[in-house]
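A structural walkthrough
Letter by letter, the chains look like this.
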Amino acid sequence: MKKNLTLIAFAATALLCSCSGSEKSETTVQQEEKAKVKIEQVTAREVPQLEEYSTTVEAEVKNNIIPSSPLRIDRILVEVGDNVRKGQKLVELDASSLDQLKLQVENQEIDFKRIEELYKVGGASKAEYDNAKTQLEINKKALANKLENTVLVSPINGVVSERNYDNGDMYGSKPILVVEQISPVKMKINISESRYAQTNKQLPVTLKFNTYGDEEFTGKIDIVYPTINAATHTFPVEITLANNDGKVRPGMFGYATVNFGTKNHVVVPDQAVVKQAGAGDYYVYVYENGVVKHNKVEIGRRMGDKYELISGVEPGSFVVIAGLTGLTDGKEVDVIE
């Protein structure tokens, strides 16, 4: 009997030890489950509201040099790439019909002077005088039109960008030359309708072009179109670049960065921002009283190693910047330095 009591006491002691060990093990596991994180307090600051748009350079003005009627081309006086001045002679066309009309006008001027003198002394009627005067004026206008059509001049200061014929060719459907004004040049971009109220001709615009790498050019908004595209919810804006040195040419691809002013927004380190796979949503873990909260955020600009947050985190909050792996909403954590 005494032996049995001893065995029972030993078994009870072993059971108590076993339960105590199990409780310690569970406590240890719970402590080990706490994630170790680093946190950083964030603040709000004035953030420039910059938006970048891709664009292609266009000439300020593009003129097709064409005659008013089909004629043979005698001489083209310029080549592609030549700079031309307003009023400069570019093309001479066949003048054979012009010479005939010149001679006709000269003869009519002689006849009109004769009739005019007779009319003054009563040797010609008013009808004869008026008819001679009208015919002379009609042929003078025809001569002026012929002259304009025979010698083609540049309507602008610009550069010859296209030539479609050689000397001796008969003018067809294409323009003989194309002249483009490249000082200034213009670019069009499409801005979101949410920015319509903020968009005006005073906004600064910085331009970069692939040809010139990181070199910056300063442009200005010249035209804000008055209607919104209902399909894309955007509106066009035209930007002008003075281009006094002629470095920027039509057809160049570049980027226009428009500064819409500043806004007071929270800025967080980029390590704090987590992108949800497959959804395109962004989150930040906010720490408070030993627990992290999973906050969905709307991000703005990336500025070096930081992100602008448009919404989702209040100024003064502590955000997790390290130890993000395995975190979940409401999880207890330990903060480490």
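If you're wondering where the values come from, they're calculated on a predicted model, not measured in any experiment. (Residues numbered from 1 in each chain as written. Predicted model: local features only at pLDDT ≥ 70, side-chain atom pairs only at ≥ 80, totals over all residues. Heavy atoms only, no water.)

Looking at the overall build of the protein chain
Regarding its fold elements, the protein chain presents three helices and 18 strands. The long-range fraction of contacts in the protein chain, counting pairs at least 24 apart against all pairs at least 6 apart in sequence, stands at 73%. (Helix = DSSP H or I, 4+ residues; strand = E, 2+ residues; numbered from the N terminus. Contact = heavy atoms within 4.5 Å.)

Digging into the environment of Glu180
Along the chain, Glu180 turns up in strand β8 (residues 177-192). Owing to a relative accessible area of 11%, Glu180 belongs among the buried residues under this scheme. Counting along the chain gives 122 residues from Glu180 to Glu58, while the straight-line C-alpha distance between them is 9.2 Å. Non-local contacts of Glu180, meaning those with residues more than four positions away in its chain, are made with Ala59, Val61, Lys62, Ile156, Gly158, Val159, Ser161 and Pro250. (Buried < 20%, exposed > 50% of the residue type's maximum accessible area, 1.4 Å probe, protein only.)

Examining unusual backbone geometry
In this structure, Pro184 follows Ser183 across a cis peptide bond, with omega equal to 10°. Turning to its location among the elements, Pro184 is positioned in strand β8. Here His233, not a glycine, exhibits a phi torsion of approximately 55°, which is positive. Inspection of the secondary structure assignment puts His233 in the loop between β10 (217-224) and β11 (234-241).

Here's the deal with the pairing of strand β7 (residues 158-163)
Across two bridges, strand β4 (residues 83-84) lies against β7 in antiparallel orientation. Bridging across to β7, Asn83 finds its partner in Val159. The pairing of β7 with β8 spans four bridges and is antiparallel. Following the sheet pairing, Val159 is matched in β8 by Glu180. (Pairing = 2+ DSSP bridges.)

Quick word on the packing of aromatic side chains
Applying the stated rule across the entire model yields seven aromatic pairs. Measuring from ring centre to ring centre gives 5.4 Å for Phe209 and Phe217, while their planes differ by 65°; the resulting arrangement is edge-to-face. Here Phe209 matches Phe217 in class, with each residue buried. Between Phe253 and Tyr255 the ring centres are 5.3 Å apart and the planes differ by 85°, which places this aromatic pair in the edge-to-face class. Overall, Phe253 belongs to the partly exposed group, its relative accessible area being 34%. Here Tyr255 falls in the partly exposed class, since its relative accessible area comes to 30%. Here the guanidinium or amino end of Lys247 rests over the ring plane of Tyr212, the centre of that ring lying 4.7 Å away. (Phe/Tyr/Trp six-rings, centres within 6.5 Å; stacked < 30°, edge-to-face > 60°. Lys NZ or Arg CZ within 6 Å of the ring centre and 35° of its normal.)

Some thoughts on the environment of Ala144
Within the secondary structure, Ala144 sits in helix α3 (residues 126-150). By relative accessible area, which is 43% here, Ala144 ends up partly exposed.

Details of the side chain of Glu92
Take Glu92: it is sitting in strand β5 (residues 89-93). Side chain to side chain, Glu92 and Lys89 meet in a polar contact 3.4 Å long. If we ignore the near neighbours within four places in the chain, the residues touching Glu92 are Ile73, Asp74, Arg75, Leu77 and Thr150. (Polar contact = N/O pair within 3.5 Å; in protein donor to acceptor, adjacent residues only side chain to side chain.)

A look at the sheet that holds strand β3 (residues 73-76)
If you walk across this open sheet you meet the three strands as β3-β5-β6, and the pairing is antiparallel. Every interior strand has two partners, whereas the edge strands, β3 and β6 (151-153), have only one. Averaged over all neighbouring strand pairs, the angle between strand axes comes to 20°, with direction disregarded. The pairing of β3 with β5 spans three bridges and is classified as antiparallel. Across the sheet, residue Ile76 finds its bridge partner in β5, namely Val91. (Axes fitted to C-alpha atoms, helices over the stretch in contact; angles between N-to-C directions.)

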